[in-house]
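Examining the three-dimensional arrangement
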Amino acid sequence: MALNTGIRSISKIIASSESSVSRSVSRSIHTTGAKKMSGGGHGHDEPYYLHAKHMYNLDRMKFQGLKMSLAVFTAFSIGVGVPIFAVVFQQRKTASG
C-alpha cells in the first residue's frame, strides 16, 4: 500500500513538472537579421581600402616575370621544404630517445 501511494505521488509530480516545462519552453527558430554594409558593398570604401580597383592587374605589374617566378619558387620551396624538415626533425627526435 505504501509503495502504491508513493508511485502515485511520484507520477503526479512528474506529470505536473512536464506540463510546467511544456508551457515554459517554446521550440521555434530564432534568427538575427544580416548586418548591412555601411558603404553599400559595391566598391565605395575608398577611405578604408584604396587599392581595390587595381589590386589584381597582373598584366600591368612592373617586373612581372621576376615577381611571379619568385612567388612560384617560394611557394614550391615551402611546400617541399616544410614536410622534409618535419620528417627529419621527427626522425631525429625518435632516434635520440
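As a reminder, the structure under discussion sits directly above these lines.
Attention shifts here to the overall build of the chain. Per the secondary structure count, the chain includes 2 helices and 0 strands. Carbon and sulfur atoms make up 65% of the accessible area of the chain, which amounts to about 9,700 Å² in all.

Going through the model one piece at a time under the given rule, you end up with 1 aromatic pair. Note on F85 and F89: the rings are 6.2 Å apart at their centroids and 20° apart in plane angle, and the pair reads as stacked. Placement of the pair is F85 and F89 together in helix α2 (residues 64-96), with a separation of 4 residues, close to one helical turn. Judged by its relative accessible area of 59%, F85 falls in the exposed class. F89 sits in the partly exposed class, given a relative accessible area of 48%.

With a phi angle near 55°, F63 is a residue other than glycine that sits in the positive phi range. For F63, the location among the structural elements is in the loop between α1 (2-24) and α2. Overall, the relative accessible area of 63% leaves F63 in the exposed class.

Together, F76, V80, I84 and V88 give the surface a local cluster of nonpolar side chains, amounting to about 360 Å² of exposed area. Take V88: it is sitting in helix α2. The exposure class assigned to V88 is partly exposed, which follows from its relative accessible area of 33%.

What counts, and at which threshold
- Residue indices begin from 1 for each chain and proceed along its sequence in written order.
- Owing to the predicted nature of the model, reporting of local features is limited to residues with pLDDT of at least 70; listing and counting of side-chain atom pairs is limited to 80 or more, with chain, interface and lining totals taken over all residues.
- Side-chain metrics in this entry use all non-hydrogen atoms of the structure; hydrogen atoms and water are not considered.
- Numbering of helices and strands runs from the N terminus, with a helix taken as a DSSP run of H or I at least four residues long and a strand as a DSSP run of E at least two residues long.
- Using a 1.4 Å probe, accessible areas were evaluated by the Shrake-Rupley method; residue-level cover was limited to the displayed protein chains.
- Each pair of aromatic rings taken from Phe, Tyr and Trp, with Trp reduced to its six-membered ring, is defined by centres within 6.5 Å and is described as stacked if the planes are under 30 degrees apart, edge-to-face if over 60, and tilted in the remaining cases.
- Only protein chains enter the accessibility calculation, which uses a 1.4 Å probe. A residue is then buried if its area is under 20% of the maximum for its type, exposed if over 50%, and partly exposed in between.
- Think of a patch as exposed residues, more than 30% relative accessible area, with no salt bridge, where like charges cluster within 9 Å and nonpolar side chains (Val, Leu, Ile, Met, Phe, Trp, Tyr) cluster within 5 Å.
- By definition here, a salt bridge exists when the distance from a side-chain nitrogen of Lys or Arg to a carboxyl oxygen of Asp or Glu is within 4 Å.

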